[in-house]
Amino acid sequence: MTMTQTEQTAPAALAEEADAGRLEWIDPLKDFHPDEESRVIVDPFNHRKKREDGEEDTTEPDPGLIASVEAVGVQQAPVLRPQTGENDGKLGIVMGQRRMKAARAAAERAVADGRKYRKVRVIIRDDLKGVDDEALAGSMVENVHRAAASAQDDLDAAQQLSLMVSAKRVPKARKAQLAAAIGRTTEELDAAPRVAKIAPEVIEELWEEGAEFDWVEQADYAEVEDVPNALWKLEQAKRKDADEGNTKRGAWRQAMQALKTEKAKAEHIAATTAELAKKMIPVIGWPHAWQYSTARPVTELESSIGRPLTEAGHNETCSGHAATFDPADGEVVWVCRDFKKQGHRLIGSAPDAEGDGETAQEADAEREAARAEARTVKTNNAAWRSVREVRQEFIVDMCQDKGEAPADVKDLVLTTILAGRYAYTHYVNADCGDRLSTYLKDANLKHTPADVVAKLVKRTGVKRYWWLLFAHIAGMYEVEHMTDEAWRGKKEEFGRRKPIERQTVEWLTFLKAHGYSLSDVEEETLATAQSQAEEKAKQDAQRKADRERWDREREEAKLKREAEAQQQAEEDAPAGQADDTEEPPHSDENPDADAADDGQEDDGPAAEGEAEPDEADEE
């Protein structure tokens, strides 16, 4: 069958030509100013409008868009149309307001740095002049469909970049340029392979919830999305980083580590529950108030004849044998579901203790207090060990610094080395290469052989010498003063526990000053140490006041004794010596002396040149 020429060309007649407009180059500095009169203005019918005061302004470009424009310019041409009325002769932006603002911001930066900037290629739609409804519709279409496509567009872009980056080793400079061109960071570019593996529904969930996560954060969230309240906790962490100006994602890292720990605990509980089901051992919920439950841990029970119960023996002989999971660490706790019904009794209780209700309640309260303390210790121990990984990552980042070390780093290094305390010498004499290899990212330093250290020093620039020493000192603090129980003080002999070490507080405070975001258990440790220091200062002040009071009382007692002794001495003295004002007795053996004394008394004042008796004594 042969088609006629009309039939052959009929489909083409159905296609209509669209007005593509004309191209023009706009100078973003000379032709466009968002807040002042200029040749290019925002069209009055632009769908994306600047909000009133107090509302979010969605017209401002984000840093990623500005970075992209700086790197490669505006790739998608904005659409403008000629204006009418009072704006006659000007061009109004119908689509691409944020792109134009980003171009101006990039141009201003370039001028400030003495660089050239790019002009913006725009499309002028003369056919839209005075056609306000179509201009508004076009603006709405662009903005309405952008958010709907963003989730899938981001995922597609990540997949493409994942292939691009993994196919060949991209140089750092090229990677930075590539990242800036798409409005991303090099860290996000490195995370592209992880993002490429995220299920599309996860990305869509983030967009639907309005979570403004970058690629790194999206990939992190995908790891812990199953943990309850994960999204809310991560949003709170991101907000905290923003409020504190923490560019190293400190709070985010802490939140992620806590969520990973929760996820690992949940997976452990699930796996253990499956194993218990195979063994036909029931699992009960954790009783948060054991004294009101019929269940009790097997370790707290004994048989009717007073023998302590064991897990194996209880499992074989008791139908009430079951398991529960300690919420502190997710470990199994063996229990008897109804110990009284099974004929067990609490360890240390008398056979007839059931009738003594008050005594039994006191014993239950004591046991519950012991359980609560044990759970606190378990929880903090687990948190302290978990956060160690985040702290190590932060120390590694510090040790990779290429610049000169700040003064406080040098002070810490010199003070620690020159003081030569026991903790430092103990660390140096032990195998300290493990920490050095971790912090300096050099596996050859594992056992610090002299030749490897010599090569490390030789290839290290002079500016980085202090960072090598800092890695050494950081290892000492972590090994000696950040042990598992450092959060509550090391245990002394005879069951007594020391206060939290001063070096533990010193180290955490130092890291915090350098941008490390403390975890909850670390914050609590500093608060406890502060409370202990205040209590010690109060006790020292009290002891000082007591010593001063005792010294004052002793001195007063001494003076009182001396006064009493003096008074007693005066009372015990002979009557003739008691009154100093009486005339001394005359001696019969020397009557002349008596006469002389009598004559002296009658002579009156002493002759000139002679001293009075008192004056003579003074001389």
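Just so you know, these numbers come straight off a predicted model, no measurement behind them.

Counting its secondary structure elements, the protein chain contains 23 helices and 10 strands. Buried positions account for 36% of the 619 residues belonging to the protein chain. Here the analysis covers contacts within the protein chain between residues at least 6 apart in sequence; of these, 69% occur between residues at least 24 apart. Of the accessible surface of the protein chain, which amounts to about 38700 Å², a share of 51% is contributed by carbon and sulfur atoms.

As a further point, take the nonpolar core. With 42 residues, the main nonpolar core has I395, L440, F470, W507, F510 and L511 as its most contacted residues. Of all the elements in the fold, those that place two or more residues in this core are α13 (357–399), α14 (407–419), α15 (422–429), α16 (433–439), α17 (450–459), α18 (465–481), α19 (502–513) and α20 (520–572). Ranked by the residues each element gives to this core, the list is headed by α13, at 9 residues. Those residues in contact with L511 that lie beyond four places of it in its chain are R391, F394, I395, M398 and Y516.

Before going further, it helps to spend a moment on the sheet that holds strand β6 (residues 296–297). An order of β6-β9-β8 is seen for the 3 strands of this open sheet, with the pairing classed as antiparallel. Edge strands, defined here as strands with exactly one partner in the open sheet, are β6 and β8 (321–325). Pairing of β6 with strand β9 (residues 332–336), which is carried by 2 bridges, proceeds in the antiparallel orientation. Each bridged residue has a counterpart across the sheet, and for R296 the counterpart in β9 is C336. Along the sheet, helix α11 (residues 250–278) makes contact with β8 and β9, crossing β8 at roughly 170°.

Let us now look at the pairing of β8. Of all 5 residues that make up β8, 5 are buried, and the element is covered over most of its length. The alternating pattern of β8 places H321, A323 and F325 on one face and A322 and T324 on the opposite face, and all of these are buried. Note: β8 against β9, 5 bridges, orientation antiparallel. Counterpart to H321 in the pairing with β9 is C336.

What follows is about a nonpolar patch on the surface. A cluster of nonpolar residues, L414, I417, L418 and L469, forms a patch on the protein surface that exposes about 350 Å² of accessible area. Mapped onto the secondary structure, L418 falls in helix α14. Taking the relative accessible area as the measure of exposure, L418 reaches 69% and is therefore exposed.

Quick look at the confidence of the model for the protein chain now. Of all residues in the protein chain, 79% attain a pLDDT of 70 or more, and the chain-wide mean is 82. Mean pLDDT in the protein chain bottoms out at helix α23 (residues 613–618), which sits at 42, and peaks at β8, which reaches 96. Overall, residues 51–56 carries pLDDT values under 50, and its contacts beyond four positions in sequence, including any with other chains, amount to 3 contacts. Long-range and interchain partners of residues 593–619, a stretch whose pLDDT sits below 50, account for 5 contacts in this model, where long-range means more than four residues apart.

Looking at the element boundaries, F213 is found in the loop between α8 (200–209) and α9 (215–224). For F213, a relative accessible area of 8% corresponds to the buried category. Taking the C-alpha atoms as reference, F213 lies 9.7 Å from I203; in sequence the two are 10 residues apart. Residues in contact with F213, not counting those within four places in the same chain, are L206, Q218, Y221, L231, L234, E235, K238 and W252.

Cut-offs and rules
Residues numbered from 1 in each chain as written. Predicted model: local features only at pLDDT ≥ 70, side-chain atom pairs only at ≥ 80, totals over all residues. Heavy atoms only, no water. Helix = DSSP H or I, 4+ residues; strand = E, 2+ residues; numbered from the N terminus. Buried < 20%, exposed > 50% of the residue type's maximum accessible area, 1.4 Å probe, protein only. Contact = heavy atoms within 4.5 Å. Areas by Shrake-Rupley, 256 points an atom, 1.4 Å probe, with all protein chains shown as cover. Core = buried A, V, L, I, M, F, W, Y, C linked by side-chain atoms within 4.5 Å. Pairing = 2+ DSSP bridges. Axes fitted to C-alpha atoms, helices over the stretch in contact; angles between N-to-C directions. Patch = residues over 30% accessible without salt bridge, like charges linked within 9 Å, V, L, I, M, F, W, Y side chains within 5 Å. Salt bridge = Lys/Arg side-chain N within 4 Å of Asp/Glu carboxyl O. pLDDT = per-residue confidence, 0-100.

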